Structure formats: structure tokens, C-alpha cells
Amino acid sequence: MTSKPRWFQTTAIDYPNSRPHIGTAFEKLGADVQARYRRMEGFDVFFLMGNDENTVKVSQRAAALGLDTQAYCDDMARQFRAVWDALDISYDCFIQTSSQRHKHCCRKFIQKVYDNGYIYKGSYEGWFCAGCEEFKTEKQYQDNNGLCPNHRTALVRRSEPCYFFALSKFQDRLLAHYQANPDFIQPESRRNEIVSLIENEGLRDINISRYGEEWGIPIPFDPQFTIYVWFDALLTYITGIGYGDDEATFRHYWPCDMHFIGKDITRFHCALWPAMLWAAGEEAPKKVYAHGFVYLKNEEAGTVEKISKSLGNVIEPMEVISKFSADAFRYYFLRECPFPSDGEFSWSRFTDVYNAELANNLGNLLSRCLTLITKNYGGILPQTANVQPQVAVPGLDLALFVGELREHIEACRYHLALQKIVLDFLTPTNQYLEEHAPWKLVKTDKAAAQRVLFHAVQSLRIASILLKPFIPRSAEKIYTSFNFAIPWNAVRWADAVVLQPQPEDLRITAELIDGKIPPLFPRIG
RNA sequence: CGCGGCGUGGAGCAGCCCGGCUAGCUCGCCAGGCUCAUAACCUGGAGGUCGUAGGUUCAAAUCCUACCGCCGCAACCA
């Protein structure tokens, strides 16, 4: 293992009932920015993702399609990964809960919790539908006047044996943990929610078994039962890094630095999960980050809708990626939808943000710099070797600026980080060009115009570094358009602050067509 | 009284916690400028009862009270 500080992060694992939509992607994007940023900061990053397959609904869905459940899961996992790959999500491992490795390690874990005395046998009573072969919640019972929402047949009161996890025993310890670790649940609003929930309602022991299911992980100490999907799903976070079969790797990365989850499953991660770990003698994760949701803005109706299959308003990421680009997709959601709270998607908003900030501001800045240097200097700015560069933004304290961005990124306020880059850095650089007008200056004082361009290009270098976690491909294109000394792969976040002379004259290395670079972000018409 | 969030010029937001310069920003709109650039860029302008009604204060978008409206969560919806 390396001596670098390590950074282990996960995203929630997804049900492969259907393909991922833009909301699912939102979470992965937020996590990906963090992972990329941490790598630039020199961390030994491990980024875990996966699919949650041991649920009855998955086997039902497979059966409906006439497929073997495992084959169905494998195919869905392939499709999920195809989307994540297309979005440049830089995960290190993708785990399927139907994998033998996960099942094996999962059984080891639950056995340990059982041995430690936190699992006991009891019976679960509730409203059961014979058609669905599952219990319905009290709310479902009431909403449907005692009938099954699917079968319209009467629900029957039924009790069956089951195993309980003694969650209630951890209530005080959890509250103490929240108190001692104020950052454990982020953002703060979610933390308040959980704390008040536990203080007001308390925690009950939960049923962690299902009886008579074929699909799922059998409980080692009573194989007639399978493990409740949540108990099993959460365990990916440790089986994915070797719990139970690769002790060294597990010890290296655990406890997790950040679990990225949706705000709807906060309680599982903030209450159940730490309790499970403690019950097995392991440490709780360091931080759980519950991000907001993406809703759809219905432009005709002027309303905001939840994304759902039943409403038929699902937008698949691939639709946006193939129409525009992965970076356009990334930029929109990271810039326009606050990660800590909710955001909205609409095609017209997408067009606005893309045109205004990516095409007109960033892309155009690159174009004008490249063209000016090519036309007037043949692509090389003479006598710029060993010249001290300056920031082309008057009054900007670069170190302070980059430091503020760092704080935003570490708190997952990506929208504010991007806003700052555009407003406080890119726009002023465009203004700088306007003010010094090198296209005019070059006619009277070629050396002065050359200095203006030299400094303006520094902005592009800095911006590309700062944007690397957000829009990696475009950032690379910008950076590699010039002969900057440090290779792209070796660029650190801190390099954004460093203004250093280069041994060579600044020159354009981008591939030009008729002396011009094709627009980085062609405007959407 | 289940919990939580929101309501600021046409649209989207910031400001509110720790009241105080002419309520700030982006998009859109209008008028100029520039012409290096992706009809892009730059400058200026119009447009606001800061949800409603009270209260506290020399002073409230900002604090207090009530009400109205919208939304999310409510233990297998990312």
C-alpha cells in the first residue's frame, strides 16, 4: 500500500428494475467530482459503486421478461456501467450484490452480528398479499381500503417467524455519535431531520429476514430465511473493499470517508448502517452526504414533476449525452442543480446554461485566444520563455480564490464553485481582453499585445485545472491546447495557484483547421 | 398540532442566522460599442407592493406572531 492519505467513497447502489435516469446520474456525478478532486489533491482514492440485486422485485422483473434472474442482473449491470462510463464516472470498482464474493462476505458479517447477540428470532405481523407474496405497509393498507394495490384482493393479517436486528439498543450511542461528530450527516438540514426523528420517535428493532424466497442471500444460521435487502445492500460498502476475504485492503480503506446517498435513504445510512457496523465490531463511516433530487420542469404546464416511470417523464442520460456531450451533461447538473438541495431539469434551461456559460463564455474565450495568437504570431508568442505570468483578473487574490473553491468542493457545493469560476474568473478574463484589445494593440505595439495574450492564456490554464473535476474532457482539451510545462495527468489542484515562468515560449499545440480550432462547445441553436 | 423546505422585477437564484449604503447575480428583453471570437464579447437601460396581515425598532427582505399558497419526506420511489 502507498503512504498517500486515502480517500474511500461510495455511491448508493441502485435497483436494476429499470435503467438509470438523470436523477440516478446526478448522484454519481457529485461523487465523481469529489473523487477526481481528491485524486488531484494527492489522495489514494477508492470509489465504489454497484447495483442492489437481491430483491424480490428484481426477480419478478426478470421473470416478467422471461429471463433468468442472474442473467437479467448481469445485463442490467452492463447497461448501468455503460451509462456511467459514457458519463466519465471514474469509479474503481462496481459491485453486484448477486456476486458470490459479496454473498460470501455478507454471510460472514451477519453471522458475526448474530454471534455478538444482536440478532434474535421473533415474529413479524402485518398485512399480507398472497398474490404478491409480500407484506404491505400500514399506509398501503389504509390507502387501498384493505385491498392489495396490485391484485385488488383483500389483504390478510399474517404473522410469520423472522429475525430481528436489535437496532433499538444503539439509539443512545447513535445520538451521542451525532453529537460528537457534527459533520457525520451532511448537509446540516438532513442531520437535523435524523436527530429529531430519533429523538421523537425512537428506533425499533427491525426485521432483517425474509421467509421462503428463492432469490437472495440465505441466512447462514437459518437457511430457510434470506437476508432483508437493506441489511444486505449496505454491506456492499465493506464487501466491495474486501471485508471477509481481503483483510488488508479492508483495513486500509475502512472507515469510509464519504457515502453519497439520496436524501430519501438518509435514515438507513445514518441509523441502521452505523448500528450494524458497531454490532459487528467495526467503526462507523466518517460521513454520509445526502444530496437533493432532480425534478423535471414541465415547461408547458409550468409545473415541477417528480421523475417517475408512472408519469412517463423519464429522461435517460444517454439521450442527453449522445445529443450533446458527457461534459455538457455534467456541467448542467453540477452547475444548475445544487447538490445539497434540489434542482430542476428542462431542455430550455439546459440550452440556456450551455450556451451562456460553456459556449459563449468558456469556449469562446479559448477560441479568441487561439485565433489571436495564431493569426498574429503564427501560433508562438516569442520571448515569453522565462517570463513571469500574471493573473489577467485585476484585483483577484488567486490563492484566496482557489481556497474558496476548495471549500465549496469539499462541502459538495459544486454549483457555487462553478458559479464562482464563471463569474469571478472567466467573465473578468473576457473583460480583460476587451479592455486591452490585443487585436487593436497588435497594430501599434506588438510586444504589448503579446503580453496581454500571454496573461490571458494563464486564465485558461488555471480555469482548465479548476474545471478538471467537473468537465474532465473539455478541461483537458483546453489545457493541452498549449505547451504548458506540467503534463496534464500530473496536474495537481494546487498548480492552479502557481504562476511560474516556463522554459519554452508559449505556443499553441492544439490541432487547428484553417488556422482555427473547432468550437469546444458549439452553440445549441 | 408528524417532520422539513420554499414563496424576492418575465424565468431561475443570492441576500435572511449576526436588522442599516440607491435590494445583488444569471438568463431573457431593449439600446449602444467592438469586430479577435462559436450572430459570440463589452458597456448601459427598462422592469421588483422582497407571499399576505399585523407587531418590535430611529430603521426589516432580514427579528416576532398569525394566515395563505406550493413542495418534499413519513422506515424497499435516486
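Above this text sits the structure in question.
What counts, and at which threshold
Residues numbered from 1 in each chain as written. Chains lettered and ligands numbered in written order. Predicted model: local features only at pLDDT ≥ 70, side-chain atom pairs only at ≥ 80, totals over all residues. Heavy atoms only, no water. Helix = DSSP H or I, 4+ residues; strand = E, 2+ residues; numbered from the N terminus. Buried < 20%, exposed > 50% of the residue type's maximum accessible area, 1.4 Å probe, protein only. Areas by Shrake-Rupley, 256 points an atom, 1.4 Å probe, with all protein chains shown as cover. Lys, Arg positive; Asp, Glu negative; His and termini not counted. Charge placed at Lys NZ, Arg CZ, Asp CG, Glu CD. Near = heavy atom within 4 Å. Polar contact = N/O pair within 3.5 Å; in protein donor to acceptor, adjacent residues only side chain to side chain. Nonpolar A, V, L, I, M, F, W, Y, C, P; charged D, E, K, R; others polar. Pairing = 2+ DSSP bridges. Salt bridge = Lys/Arg side-chain N within 4 Å of Asp/Glu carboxyl O. Axes fitted to C-alpha atoms, helices over the stretch in contact; angles between N-to-C directions. Parallel < 35°, antiparallel > 145°, perpendicular 65-115°, else oblique. Left-handed = near helix turned anticlockwise from the far one by under 90°. Contact = heavy atoms within 4.5 Å. Core = buried A, V, L, I, M, F, W, Y, C linked by side-chain atoms within 4.5 Å. Phe/Tyr/Trp six-rings, centres within 6.5 Å; stacked < 30°, edge-to-face > 60°. Lys NZ or Arg CZ within 6 Å of the ring centre and 35° of its normal.

**A look at the overall build of chain A**
Right, so step 1: The secondary structure content of chain A amounts to 19 helices and 18 strands.
Right, so step 2: Projected onto the principal axes, the alpha-carbon positions of chain A cover approximately 90 × 55 × 45 Å.
Right, so step 3: Across the 525 residues that make up chain A, the buried fraction comes to 55%.
Right, so step 4: With an accessible surface of roughly 22700 Å², chain A has 48% of that area assigned to carbon and sulfur atoms.
Right, so step 5: In chain A, 57 side chains carry a positive charge and 63 a negative one; their mean positions are 2 Å apart.

**Quick word on the protein's contact with RNA strand B**
Right, so step 1: Near RNA strand B, the surroundings consist of 47 residues, among which F268, K306, G363, N364 and K516 are the closest.
Right, so step 2: Interatomic distance of 3.0 Å between a side-chain N/O atom of R523 and a phosphate oxygen of RNA strand B.
Right, so step 3: Listed by contribution, the elements that provide at least two residues to the surface near RNA strand B are helix 1 (22-40), helix 7 (188-201), helix 8 (229-234), helix 11 (266-279), strand 14 (294-298), helix 14 (347-377), helix 16 (414-436) and helix 17 (438-444).
Right, so step 4: Looking at which element gives the most residues to the surface near RNA strand B, the answer is helix 14, with eleven residues.
Right, so step 5: Of the residues assigned to the surface near RNA strand B, the class counts are 17 nonpolar, 13 polar and 17 charged.

**Some points on the sheet that holds strand 2 (residues 44-51)**
Right, so step 1: Pairing within the open sheet is parallel, and its six strands lie in the order 3-2-1-12-13-7. Both edges of this open sheet fall to strand 3 (93-96) and strand 7 (185-186), since each of them pairs with a single strand only.
Right, so step 2: In the sheet, strand 1 (residues 6-11) pairs with strand 12 (residues 258-262) via three bridges, with the strands oriented parallel. Bridge pairing in strand 12 places T10 opposite H259.

**Let's talk about the pattern of salt bridges**
Right, so step 1: Taken as a whole and judged by the stated rule, the model has 23 salt bridges.
Right, so step 2: The partner of K121 in a salt bridge is D222, with the nearest N and O atoms 3.6 Å apart. Of this pair, K121 sits in strand 4 (residues 119-129) while D222 sits in strand 11 (residues 222-227), and the two are 101 residues apart along the sequence.
Right, so step 3: Among the residues examined, D222 registers a relative accessible area of 11% and is labelled buried.
Right, so step 4: A salt bridge links D424 to K420; the shortest N-O distance between them is 3.1 Å. In this pair, D424 and K420 are both assigned in helix 16, four residues apart and thus about one turn of the helix distant.
Right, so step 5: Classification of K420 by relative accessible area gives buried; the value is 16%.
Right, so step 6: Linked by salt bridges that have partners in common, R6, D257 and K286 make up one network.

**A few points about the pairing of strand 14**
Right, so step 1: Relative to strand 16 (residues 343-345), strand 14 runs parallel, the two sharing three bridges. For Y295, the partnering residue across the bridge sits in strand 16 and is E344.
Right, so step 2: Across three bridges, the pairing between strand 14 and strand 15 (residues 303-305) is antiparallel. Across the sheet, residue K297 finds its bridge partner in strand 15, namely V304.

**Here we look at the packing of helix 14 against helix 16**
Right, so step 1: Contact geometry of helix 14 with helix 16 gives a least axis separation of 11 Å together with a crossing angle of 40°. Put simply, helix 14 runs oblique to helix 16. Crossing geometry of helix 14 relative to helix 16 is assigned as left-handed. On helix 16, the residues touching E357, N361, L362, L365, R368 and C369 of helix 14 are V422, L426, T427, T429, N430, L433 and E434.

**Points about the side chain of Q502**
Right, so step 1: Looking at the secondary structure, you find Q502 in the loop between helix 19 (472-479) and strand 18 (506-507).
Right, so step 2: Its relative accessible area of 14% is what places Q502 among the buried residues.
Right, so step 3: Polar contacts involving the side chain of Q502 include one to the main-chain amide nitrogen of A485, which spans 3.1 Å.
Right, so step 4: Ignoring sequence-local partners within four residues, the contact set of Q502 consists of A385, N386, N483, F484 and A485.

**Let's talk about the nonpolar core**
Right, so step 1: Counting residues in each nonpolar core, the largest one holds 109 residues, and the members touching the most others are W84, F333 and F482.
Right, so step 2: In contact with F482, other than residues within four places in its own chain, are L366, L370, I373, V457, L460, L506, R507, I508 and T509.

**Some points on the sheet that holds strand 9 (residues 209-211)**
Right, so step 1: An order of 9-11-10 is seen for the three strands of this open sheet, with the pairing classed as antiparallel. One side of each edge strand has no neighbouring strand; the edge strands of this open sheet are strand 9 and strand 10 (218-219).

**Quick look at the packing of aromatic side chains**
Right, so step 1: The final tally for this structure, using the stated rule, is 49 aromatic pairs.
Right, so step 2: Where Y178 meets F184, the ring centres are 5.9 Å apart and the plane angle is 15°; that geometry is what we call stacked.
Right, so step 3: The buried category is assigned to F184, whose relative accessible area is 1%.
Right, so step 4: Here the guanidinium or amino end of R38 rests over the ring plane of W7, the centre of that ring lying 3.8 Å away.
Right, so step 5: Here the guanidinium or amino end of R173 rests over the ring plane of W278, the centre of that ring lying 4.0 Å away.

**Concerning the side chain of S474**
Right, so step 1: Within the fold, S474 resides in helix 19.
Right, so step 2: Of the residues examined, S474 reaches a relative accessible area of 6% and is grouped as buried.
Right, so step 3: When near neighbours in sequence (up to four residues on either side) are disregarded, S474 contacts D327, L520 and F521.

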